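# Chains, contacts and geometry: an overview
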Amino acid sequence: MGTENIDYVSGDTQNKPSQQEPLLPFTLEILKLIKDCQQQHGLRHGDYQRYRGYCSRRISRLRKVLKIPQGDRRHFKKRDVTEAHIINPKSDDRFLHIPLILAERNWAYAMQLRQEANTEPRKKFHLVQKMRKACVYALQLDELCKQDRCDVRTKLESQAYLAWIQGSLQFELQLWQQAAENLKKAQVIYEKISSTLPEEEQLPYKQRVEEISPSLRYCAYNIGDEKAVDLLELRSQGVLENFDALVSQNKEKNEDVLYEVKWFNLKIPVRIERIRLFLVSIEGLNESLNHAEDNQGKIKILENLFIDLRDIISLARDNSRSDKLTAKQTKEYQQLIAYLLSIRIERTSQRNVLLILQTRKPQDCVRLLDINIQQTNELSQNDIIKGNTNAQKYYESQIAAYKTLRYYYLAKSQGAQKRWKEAAVLLDTAYNSAQVLKQGKFELEVKEILQRIEDKSQIDIATAKANMILDQKQDESTIQFPQSQKTYKSKKPLVERLDEFREDPQLLSKNPNLVTLPPAMEPVPAKPLFFDLALNFAEFPDLSEKLDDGKPKQKQGAGISGFVKGLWGWGK
């Protein structure tokens, strides 16, 4: 059955093929291969459906190239990779890719169903079936890698991959003991492989070890070891979807068991189970912050903390208002509320410092530090710790550190506005204060900024003083001849005094007085609105008689000819 799957084995290799063609060893870097595929095909953005589609296309290409198709278009005939493919001298390690990609495709489908199961709980069953199928293909891969042709690294990687897939399935089925054993096995194998590789190739194995650690701690917690779990880190990575789910799974529900918190020589008992679990979960908070990739990851963990802390403080306040409490219990609840408020204020200040490291505008940094100073000062005035010497010293040092940072960023703000004198004074104050606080106990981010102030303040002070001297020299040069500047000032534009020569510095400025805009208004003849066209058709009377000052013309004599005409009857 296995020999008929190989289409390219010739009859010449039947007699001692191993002597003619030695078998080349297979080296399959499983984890590196799947990590590269995942980053390039969707998982960088959490798109499991895209990665699943890539796996299907990859399997089709591999079967076509390696000539092991599963039937034709009409008929399906299952053909798995067998030992005959591995021991064939002409085969390569791509035969091992087929069961690996099949397992990855089913795992990606299961992860996609996990995202969809938040709104459709029935998909949880489909998820488990896909994980079981992934385990089948991972087991098939492990069996193939046990052949002598595969080297030791390939065998170890296949064992680790199988253990991880099986542990993930058992984790979904809540088989905590078996899941812990398989995940621990995978973690140990990946650690050993990483220790034998050069430093530039260790990154994917170290990342996988860190990915397994939260699941191991959660398994250990459910088995019974509470201290092995870091709830905040699990929640930030999606292992715990809801903090209340942890409360419902807790096995110890006896409210009489007390959990004491030490806070500046105060021993505060905790009787509420949910508050006790929360306080247990934040014991490894600093370690979780140290494991974060960058400052944005730390801010995300702290914001998740604030969501839970708000509900915890509200719960403590509701229980403190009960009428059944004694005076001693009421005082204990007040101390507990003050302690929870101190956690919120201190972690808020830490979050603000992380934001400062990401902020470029010094004005925003000053505003965040003002908030830190105000909140820390209010916390130090709390009645519970107002008379505690250790608490007062601690919070005074914190306030002094925040004020030092405020001086520094306020100096940066003044320098941006070219107020060099104020900037130099503030930088000198910040430098002296940083020298005093050098040995104090602060958060890592605050220490980093204080060290920066100590290293760069002297250079910044010298720069501010130099700029201040340059500005003073420039001001002196501009006021050497004040009278001449007053003499040349004129309100007339240049176009009206072209016949006069003046050295007017205003003409070289950004707003020279050249012409008057807009120009002055001038009267112009008005155009009539209507034309009198009737005048062309009017007939006026003859006024010639009224000419020559209004005197009529005198009659002239007819002469001798007129006399003769009248005498003889001629004419008139």
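Residues numbered from 1 in each chain as written. Predicted model: local features only at pLDDT ≥ 70, side-chain atom pairs only at ≥ 80, totals over all residues. Heavy atoms only, no water.

Named according to an unreviewed UniProt entry, the protein chain is Signal recognition particle subunit SRP68 originating from Diabrotica balteata. Per UniProt, the protein chain has the following entry under Sequence similarities (unreviewed entry): "Belongs to the SRP68 family." (UniProt positions renumbered as here; feature names shortened; annotations may be inferred.)

### Section: unusual backbone geometry
Going from Leu-517 to Pro-518, the amide bond is cis rather than trans, its omega being -10°. Its location among the elements puts Pro-518 in the loop between helix H20 (482-487) and helix H21 (560-568). Its identity as a non-glycine residue notwithstanding, Gln-174 has a phi of 60°, on the positive side. Turning to its location among the elements, Gln-174 is positioned in the loop between helix H7 (152-172) and helix H8 (176-195). Backbone geometry places Lys-418, a non-glycine residue, at a positive phi of 60°. In this fold, Lys-418 is placed in the loop between helix H17 (389-416) and helix H18 (420-436). Residue Lys-418 is classed as exposed on the basis of its relative accessible area, which comes to 62%. (Helix = DSSP H or I, 4+ residues; strand = E, 2+ residues; numbered from the N terminus. Buried < 20%, exposed > 50% of the residue type's maximum accessible area, 1.4 Å probe, protein only.)

### Quick look at the pairing of strand S1 (residues 259-263)
Strand direction decides the pairing type here: S1 and strand S2 (residues 266-270), joined by five bridges, are antiparallel. Bridge pairing links Lys-262 to Lys-267 in S2. Linkage of S1 to S2, two consecutive antiparallel strands, is achieved through a turn of two residues, within which Phe-264 is found at a positive phi near 50°. (Pairing = 2+ DSSP bridges.)

### Some remarks on a nonpolar patch on the surface
Side chains of Val-495, Leu-498, Leu-514, Val-515 and Leu-517 sit close together on the surface and give an oily, nonpolar patch of about 510 Å² of accessible area. Inspection of the secondary structure assignment puts Leu-517 in the loop between H20 and H21. (Patch = residues over 30% accessible without salt bridge, like charges linked within 9 Å, V, L, I, M, F, W, Y side chains within 5 Å. Areas by Shrake-Rupley, 256 points an atom, 1.4 Å probe, with all protein chains shown as cover. Salt bridge = Lys/Arg side-chain N within 4 Å of Asp/Glu carboxyl O.)

### Let's talk about the nonpolar core
One finds Tyr-51, Leu-96, Trp-107, Tyr-161, Trp-164, Ile-165 and Tyr-190 to be the most contacted residues of the largest nonpolar core, which totals 63 residues. A total of twelve residues in this core trace back to one element, the largest contributor, which is helix H5 (residues 94-116). Sequence-distant contacts of Tyr-51, defined by excluding residues within four places in its chain, comprise Ile-34, Cys-37, Gln-38, His-41, Leu-43, Glu-104, Trp-107 and Ala-108. Membership of the second largest hydrophobic core comes to 36 residues, among which are Ile-299, Ile-301, Ile-313 and Leu-336. (Core = buried A, V, L, I, M, F, W, Y, C linked by side-chain atoms within 4.5 Å. Contact = heavy atoms within 4.5 Å.)

### Considering the side chain of Ser-349
Residue position: Ser-349 is located in helix H15 (residues 327-358). On the basis of relative accessible area, Ser-349 is assigned to the buried category, the value being 1%.

### A few points about the packing of aromatic side chains
Applying the stated rule across the entire model yields 14 aromatic pairs. Look at Tyr-48 and Trp-107: their rings are 5.9 Å apart centre to centre, the planes differ by 75°, and that puts the pair in the edge-to-face class. In this pair, Tyr-48 sits in helix H3 (residues 48-66) while Trp-107 sits in helix H5, placing the two residues 59 residues apart along the sequence. Its relative accessible area of 18% is what places Tyr-48 among the buried residues. Taken together, a centroid distance of 5.8 Å and an interplanar angle of 50° make the contact between Phe-264 and Tyr-394 tilted. Here Phe-264 is found in the loop between S1 and S2, whereas its partner Tyr-394 is found in helix H17, with 130 residues between them in sequence. Using a relative accessible area of 29% as the deciding quantity, one classes Tyr-394 as partly exposed. An aromatic cluster of at least three residues, connected via ring pairs, comprises Trp-263, Phe-264, Tyr-339, Tyr-394 and Tyr-395. A cation over a ring is seen here: Arg-52 above Tyr-109, with NZ or CZ 4.0 Å from the ring centre. (Phe/Tyr/Trp six-rings, centres within 6.5 Å; stacked < 30°, edge-to-face > 60°. Lys NZ or Arg CZ within 6 Å of the ring centre and 35° of its normal.)

### A short note on the pattern of salt bridges
Per the counting criterion, the structure on display carries 17 salt bridges. For Glu-172, the salt bridge is made with Lys-124, and the minimal N-O distance between the two is 2.7 Å. In this pair, Glu-172 is assigned in helix H7 and Lys-124 in helix H6 (residues 123-145), connecting sequence segments 48 residues apart. Linked through salt bridges whose partners overlap, the residues forming this network are Glu-29, Lys-32, Arg-153 and Glu-157.

### Overview of the side chain of His-97
Looking at the element boundaries, His-97 is found in helix H5. Sequence-distant contacts of His-97, that is, excluding residues within four places in its chain, are made with Leu-28, Leu-33, Arg-58 and Leu-62.

### Some thoughts on the environment of Asp-80
If you trace the backbone, Asp-80 turns up in the loop between H3 and helix H4 (83-87). Its relative accessible area of 28% is what places Asp-80 among the partly exposed residues. Asp-80 sits 18 residues away from Ile-98 along the chain, and the two C-alpha atoms are 8.6 Å apart.

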